[in-house]
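Structural overview
Okay, here's what each chain looks like letter by letter:
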Amino acid sequence: MDEYSSLNQIKLISNNTKLSTELDIELLILNLLSIDKNILYRDDPRLSSEKLKELKELVQRREKGEPLAYLVKGIGFWSLDLYVDENVLVPRPETEIIVEKVLEDFNASEKKVLDLGTGSGAIGLSLSKERVGWEIYCSDKSYKALQVASKNMQSNSLNVSFIHSDWLEAFAPETFDIIICNPPYIDPDDPRVHSDGLKFEPISALTSASKGLNDIEIVISKSSERLVNKGSLYLEHGYDQSQQVQSLLEKYNFSDIRKFKDLNGDDRVCSGKIKKC
Ligand code: GLN
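As a starting point, this report considers the structure included with it. What you are looking at is a predicted structure, and each value in this text was computed from that prediction instead of being measured. (Residues numbered from 1 in each chain as written. Predicted model: local features only at pLDDT ≥ 70, side-chain atom pairs only at ≥ 80, totals over all residues. Heavy atoms only, no water.)

Let us look at the site of the ligand. Close contacts around the ligand come from 13 residues, with Arg92, Asn182, Pro183, Tyr185 and Arg192 the closest. With respect to the ligand, the side chain of Tyr185 contributes an N or O atom lying 2.8 Å from a nitrogen atom. Note that an oxygen atom of the ligand is positioned 3.3 Å from one of the side-chain N or O atoms of Arg192. Protein burial of the ligand: of its 300 Å² of free accessible surface, 94% is covered by the chains. With respect to the pocket detection grid, the ligand is positioned in the second largest pocket. For the shell around the ligand, the residue count by class is eight nonpolar, one polar and four charged. (Near = heavy atom within 4 Å. Polar contact = N/O pair within 3.5 Å; in protein donor to acceptor, adjacent residues only side chain to side chain. Areas by Shrake-Rupley, 256 points an atom, 1.4 Å probe, with all protein chains shown as cover. 1 Å grid on protein atoms, 1.4 Å probe; cavity = no way out; pocket = protein on both sides within 12 Å on 5 of 7 lines; lining within 4 Å. Sits in = over half its atoms within 2 Å of the grid points. Nonpolar A, V, L, I, M, F, W, Y, C, P; charged D, E, K, R; others polar.)

Before going further, it helps to spend a moment on the packing of aromatic side chains. One pass over the structure, following the stated rule, counts four aromatic pairs. Each ring, one from Phe106 and one from Trp134, has its centre 6.5 Å from the other, and the planes form 80°; the classification is edge-to-face. Note that Phe106 is positioned in the loop between helix H6 (96-105) and strand S5 (112-116) and Trp134 in the loop between helix H7 (122-130) and strand S6 (135-140), a separation of 28 residues in sequence. Ring geometry for Tyr137 against Phe176: centres 5.8 Å apart, planes inclined by 70°, an arrangement best described as edge-to-face. Taken together, the positions of Tyr137 in strand S6 and Phe176 in strand S8 (residues 176-181) put the pair 39 residues apart, joining distant regions of the chain. Of the two residues, Tyr137 and Phe176, neither departs from the other in class, the shared state being buried. Here the aromatic residues Phe106, Trp134 and Tyr234 are joined through ring pairs into a cluster of three or more. (Phe/Tyr/Trp six-rings, centres within 6.5 Å; stacked < 30°, edge-to-face > 60°. Helix = DSSP H or I, 4+ residues; strand = E, 2+ residues; numbered from the N terminus. Buried < 20%, exposed > 50% of the residue type's maximum accessible area, 1.4 Å probe, protein only.)

To continue, consider unusual backbone geometry. Positive phi, close to 55°, is recorded for Lys211, a residue that is not glycine. Mapped onto the elements, Lys211 comes out in helix H9 (residues 209-212). Taking the relative accessible area as the measure of exposure, Lys211 reaches 64% and is therefore exposed. Even without a glycine there, the phi angle at Asn253 is positive, about 75°.

Its boundaries defined by the atoms lining it, the largest pocket holds a volume of some 560 Å³. If you go around the largest pocket, you meet 30 residues; those closest to its centre are Gly117, Asp140, Pro184, Ser204 and Ala205. Contributions of two or more residues to the lining of the largest pocket are made by S5, H7 and S6. Across the lining of the largest pocket, the residue classes tally to 13 nonpolar, eleven polar and six charged. Volume-wise, the second largest pocket comes out at about 460 Å³. Every residue lining the second largest pocket is counted, 23 residues in all, and those nearest its centre are Tyr185, Ile186, Arg192, Gly238 and Arg268. Here the lining of the second largest pocket is built from residues that sort into nine nonpolar, five polar and nine charged. (Points joined across faces, edges and corners; volume = space filled by probe spheres on them.)

Below, the discussion takes up the side chain of Asp44. Relative to the elements of secondary structure, Asp44 occurs in the loop between helix H3 (37-43) and strand S2 (46-48). A distance of 2.8 Å separates a polar atom in the side chain of Asp44 from a polar atom in the side chain of Ser5. Within the local environment of Asp44, its side chain forms a polar contact with the backbone nitrogen of Ser6, the two atoms lying 3.0 Å apart. Not counting residues up to four positions away in its chain, the partners in contact with Asp44 are Ser5, Ser6, Leu7 and Ile39. (Contact = heavy atoms within 4.5 Å.)

Right, let's talk about the sheet that holds strand S11 (residues 267-274) for a bit. Ordered in space as S7-S6-S5-S8-S9-S11-S10, the seven strands form an open sheet in which the pairing is mixed. Of all the strands in the sheet, the pair left with one neighbour each is strand S7 (161-164) and strand S10 (254-261). Sheet twist, expressed as the mean angle between neighbouring strand axes with direction ignored, is 20°. The sheet contact formed by S5 and S8 spans four bridges and is parallel. By the bridge assignment for S8, Val113 is matched with Ile178. Packed onto the sheet, helix H8 (residues 143-155) meets S6 and S7 and runs at close to 175° relative to S7. (Pairing = 2+ DSSP bridges. Axes fitted to C-alpha atoms, helices over the stretch in contact; angles between N-to-C directions.)

The following block contains the structure:
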């Protein structure tokens, strides 16, 4: 049976690819052989013809723009390893900003917290790892997303409650101290939606009507009812939506409005506190 050096194949294959870097191919091999990087570079394990064929098929999918996270069925987020597939958005580094800010703003004292539209569970599960005393709920409209998030809860030995809900419909008024949401916010007419990467992700998790602001407005208006007095809302939004999101927060009686930048320097997150009379 023919066998091929993994390290040679990384070089050979990456010479003929446009999108896949050597690092991508390395990660695909680590995943295919279930080994870690040390073993790859220490032992240069052999690839059978079958494994090489599988590798080349995965590289072809990558060349068509499929996110690497879907090909290796996983991604690191915060301090967690998350399973992801085509039913959920691939968690982005910019979403870690929201986790960081919530942790900065609230200590370990008991809180009732909702990760609204949880997808893979990235935000809610990261918070649950850091704040064991918090009662954390993760909701989504998609059952398939909830299955992914539940798998991630188990694999990371965490404990949150999953709720099937179209935005805040399943929840009673004045329920949460903190609501966090990374809603769909891309304008459906934005050509990026059809670009490599995004076109493989669930469209319902990406785009929203009214130039990307429709779901953001629903989330802000309904959160104002579901938060307790002085409760906080944290929202991720598009790089050019900060001003509009701030205006919407004011429209629905939020105060103490703050904005935060992502690692690219773009305004990416807004937060506010609800004031009830
Ligand atoms: N942050 C993603 C992007 O711009 C979009 C995620 C979202 O719509 N919530 O690629």
